[in-house]
Amino acid sequence: MVAEGKRWRFAMVCSSNMNRSMEAHSQLGRAGLDVESYGTGTHVKLPGPSLHEPNVYDFGTPYGAIYEDLRRKDPDLYKRNGLLPMLKRNTSVKLAPQRWQDNAGDGIFDMIMTFEERVFDLVVEDMNNREPKLMKSVPIINMDVKDNHEEAGVGAKLAVELCQKVDYHVIQLFWLLEAIDGDWEEIIDDLITGFEKQHKRRLAYSIAFY
């Protein structure tokens, strides 16, 4: 039997920790994977009555409080554009949106996945600005996903598939080869190449260190 400690811990990251990262968090959690989620923005921004009137909240504002605020403002609009169902989903996953740059106390992740190039760049920049203490490498993988409810669902399913493959192959690596830390990098390269060919999606990939 494989030791529980060999399984990987995943982080899903988008801009506001509302749609893409939360859909992925929800689906990975249901698949039995160890996952957390974050946003990289300065504030949480949600569509408002016009492009020039977004709804802006601080990270840490509970999803339930945002739900009640939008329901009070215009329940028909926010039900129609999917924000209220999304927030209701979010409340079943965790309490509130979290900011990636403030997550140093949340421990070490074995793989970080982002859903937008700008978010990927911010995560890479943040990790490079942290002082490496353990010299433990972590892959950061970006898969561009449009920020709408339908595409978030598609992206989350692909994220589950990729993370399950990584989790399985890393377990097998330790179980069959008694590998040391770092031997997973070649496996990640092969999995990404196969994933790109299978799904016709380009993935960006970087390595950072804890």
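Residues numbered from 1 in each chain as written. Predicted model: local features only at pLDDT ≥ 70, side-chain atom pairs only at ≥ 80, totals over all residues. Heavy atoms only, no water.

Enquirer: Mind laying out the sheet that holds strand β1 (residues 9-14), listing which residues take part and the relevant values?
Expert: Note on sheets: strands pair through backbone hydrogen bonds, and any given pair is parallel or antiparallel. Ordered in space as β2-β1-β5-β6-β7, the 5 strands form an open sheet in which the pairing is mixed. Both outer strands of the open sheet, β2 (34-39) and β7 (203-209), are each paired with one neighbouring strand and no more. With strand direction ignored, the average angle separating the axes of adjacent strands in the sheet is 20 degrees. Note that β1 and strand β5 (residues 111-114) share 4 bridges and pair parallel. Bridge assignment links valine 13 to a residue of β5, and that residue is threonine 114. Across the sheet, helix α5 (residues 117-129) is in contact with β1, β5, β6 (137-143) and β7; its angle to β6 comes to roughly 165 degrees. (Pairing = 2+ DSSP bridges. Helix = DSSP H or I, 4+ residues; strand = E, 2+ residues; numbered from the N terminus. Axes fitted to C-alpha atoms, helices over the stretch in contact; angles between N-to-C directions. Contact = heavy atoms within 4.5 Å.)

Enquirer: Which residues make up the pattern of salt bridges, and what are the values?
Expert: Tallying each qualifying case throughout the model produces 13 salt bridges. Here aspartate 69 ties to lysine 73 by a salt bridge, and the two come within 3.2 Å at their closest N and O atoms. Of this pair, aspartate 69 and lysine 73 both sit in helix α2 (residues 63-73), 4 residues apart, roughly one helical turn. For lysine 73, a relative accessible area of 42% puts it in the partly exposed group. The residue aspartate 102 makes a salt bridge to arginine 99 at a minimum N-O spacing of 3.8 Å. Connected through shared salt-bridge partners, Arg20, Glu116, Arg118 and Asp147 make up one network. (Salt bridge = Lys/Arg side-chain N within 4 Å of Asp/Glu carboxyl O. Buried < 20%, exposed > 50% of the residue type's maximum accessible area, 1.4 Å probe, protein only.)

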